[in-house]
Amino acid sequence: MTNEQIWQAVLGELEIGISRVNFITWFKNTFIYSIENNKVIVSVPNDFTKRWLEQKYYKAIKCSIEKITNNKVAEVEYQINLKKESNEKESEDKKSCKTETAKTPVTPEIKTNVSRFGLNAKYSFSNFIVGKATELAYAACQAIVNNPGKAYNPLFIYGGVGLGKTHLLQAIGNELIKNNKKVLYTTSEQFTNNYIDSIRGGKAKEFKNLYRNVDLLLVDDVQFMGGKDGTQEEFFHTFNELQQGDKQIVLSSDRPPKAIPAIEKRLISRFESGMVADVGRPDIETKMAILAKKAKEKNYIIEEEILNYIANSIQNNIRELEGALNKIVAYHEFHNLRPTLKIVKNILNDLTNNNQIKPISPKDVLENVSQFYNINPKELIGGKRKKELVVPRQIAIYIMREELKTSYPSIGEELGGRDHTTAMHSYNKIKNEKEKNEKINQDIESIKQLLYGSF
Ligand code: ADP
Ligand code: MG
């Protein structure tokens, strides 16, 4: 197994438990530089990623490498911007690891083919398997491709994590660029960040040009606009201008428009003004069909019995379904052995026990903030007023309020029985500070990524 294959398998494992944004943020441009004497050196693009991986993913990465290589790892070291070696030695290994059926390695999904429109060519209609739960959304997407700006505008797709929303949005985009349409794919977080940057940099005009000068605007995960008033205002105008010009808008969210917390009424009514379609959990037949298709894409032959087992044990997330398959392929490649059902059960044990999505709680916020600043959670909620504690404390309060909409009295309680006015004051303080202080802004974004990535 080459270092690249090992890293791909590691990424395949890690990706399962992490949101896509997080995954791309932290693992883009990373690779295993060398493995020698049980020491693994991983190249990362910058110091921030280095620190992040060291702090947050050290154990997960180490264990995953150990599992995949079946060797103990003494240490994983992260170094910045190493040059990829020419892998002569590795091509030898490669030969010895080849198997009859598993010809292609497990592909990491973060490599290159992202075009300047924000599209990734791997998402198409032809590799989307339609089941009962996605029939309506799929048909609506097709209608848009055939009649952009006219069929349903906007199309609003909602549903749980890993059920194909991004895939569908991207598929529309990939289809319409073929017709020379100007397409822009963005997430609501990207939109927000661009908007803030444009205000700071006096670039409102460029911002408007970017978002309003398209034939198709795809905005993924609009639920994150909740509570962001400035962004909502700007998006409202962007939306109107596009809609009035018969330019197509497609939005996705993890919940229906009305259920998005802290979103303006006028936006809800805009979101609902075209077509709202949900994507639900796939039934067993659809899961089997998806697995069979993904296996085929990897040139991997998978027994009916194993297919059945995976489809039955993974309940509600297609990303996990893919993750399970990746693990099996990696196992086969590495051991040069087709896993039996018993082995598959073992390999997937942690996956199948762990597929419940739990909502984020104020405790999670405290935990992640402490982790991020490397401070003791008890101190975070304690009474000391050192600056190293006060700012993280205020940030925790800000995030609870902003992201979870926790009430001020409850926030006060979570923070060791503080008064609700303290919570309110801290929230306002950070809200103002965030506009002026780039570091605080960045910290908050990173903590949020950590938070959403961890559920
Ligand atoms: P969401 O945006 O809803 O969280 P994604 O669109 O990112 O989910 O889907 C997660 C993964 O599952 C992607 O790799 C996607 O290609 C795949 N996937 C989801 N639904 C289907 C489907 N019906 N057919 C084939 N692949 C799918
Ligand atoms: Mg998505």
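Because the structure is a prediction, the values reported are computed rather than measured.

Draft legend 1. Molecular detail of helix H17 (residues 362–373). In this model, H17 (twelve residues) spans 17 Å end to end at C-alpha, consistent with the 16 Å of a helix rising 1.5 Å per residue. Asparagine 374 occupies a position one or two residues after H17 and carries a positive phi of about 60°.

Draft legend 2. Quick peek at the packing of helix H8 (residues 188–200) against helix H9 (residues 204–212). For the pair H8 and H9, the least separation of the axes is 8 Å and the interaxial angle reads 150°. Relative to H9, the element H8 lies roughly antiparallel. Every pair of crossing elements has a handedness; the one defined by H8 and H9 is right-handed. The residues of H9 that touch H8, namely those facing Gln190, Phe191, Asn194, Tyr195 and Ser198, are Ala204, Phe207, Leu210 and Tyr211. For the contact of H8 with H9, a count of residues per class yields six nonpolar, three polar and no charged.

Draft legend 3. Seen up close, the environment of asparagine 441. Relative to the helices and strands, asparagine 441 is located in helix H22 (residues 438–453). Setting aside anything within four residues of it in sequence, one finds asparagine 441 in contact with Arg200 and Lys434.

Draft legend 4. Just the site of ligand 1, in detail. Looking at ligand 1, there are 17 residues lining it, with Ile129, Gly162, Thr166, His167 and Glu322 nearest. A distance of 3.0 Å is found between an oxygen atom of ligand 1 and a side-chain nitrogen or oxygen belonging to arginine 319. Notes on ligand 1: free accessible area 560 Å², of which the protein chains cover 96%. Residue assignment for the shell around ligand 1 shows that the elements contributing at least two residues are helix H7 (165–178), helix H12 (284–297) and helix H14 (318–335). Of the residues contributing to the shell around ligand 1, the split by class is seven nonpolar, six polar and four charged.

Draft legend 5. Molecular detail of unusual backbone geometry. In this structure, the amide linkage connecting asparagine 153 to the following residue, proline 154, adopts the cis form with an omega of 5°. Tracing the backbone shows proline 154 in the loop between helix H6 (135–146) and strand S4 (155–158). Not every positive phi belongs to a glycine, and asparagine 299 is a case in point at roughly 60°. For asparagine 299, the position within the fold is in the loop between H12 and helix H13 (304–313). With a relative accessible area of 41%, asparagine 299 lands in the partly exposed category.

Rules used in this analysis
- Residues numbered from 1 in each chain as written.
- Chains lettered and ligands numbered in written order.
- Predicted model: local features only at pLDDT ≥ 70, side-chain atom pairs only at ≥ 80, totals over all residues.
- Heavy atoms only, no water.
- Helix = DSSP H or I, 4+ residues; strand = E, 2+ residues; numbered from the N terminus.
- Expected span 1.5 Å × (residues − 1).
- Axes fitted to C-alpha atoms, helices over the stretch in contact; angles between N-to-C directions.
- Parallel < 35°, antiparallel > 145°, perpendicular 65-115°, else oblique.
- Left-handed = near helix turned anticlockwise from the far one by under 90°.
- Contact = heavy atoms within 4.5 Å.
- Nonpolar A, V, L, I, M, F, W, Y, C, P; charged D, E, K, R; others polar.
- Near = heavy atom within 4 Å.
- Polar contact = N/O pair within 3.5 Å; in protein donor to acceptor, adjacent residues only side chain to side chain.
- Areas by Shrake-Rupley, 256 points an atom, 1.4 Å probe, with all protein chains shown as cover.
- Buried < 20%, exposed > 50% of the residue type's maximum accessible area, 1.4 Å probe, protein only.

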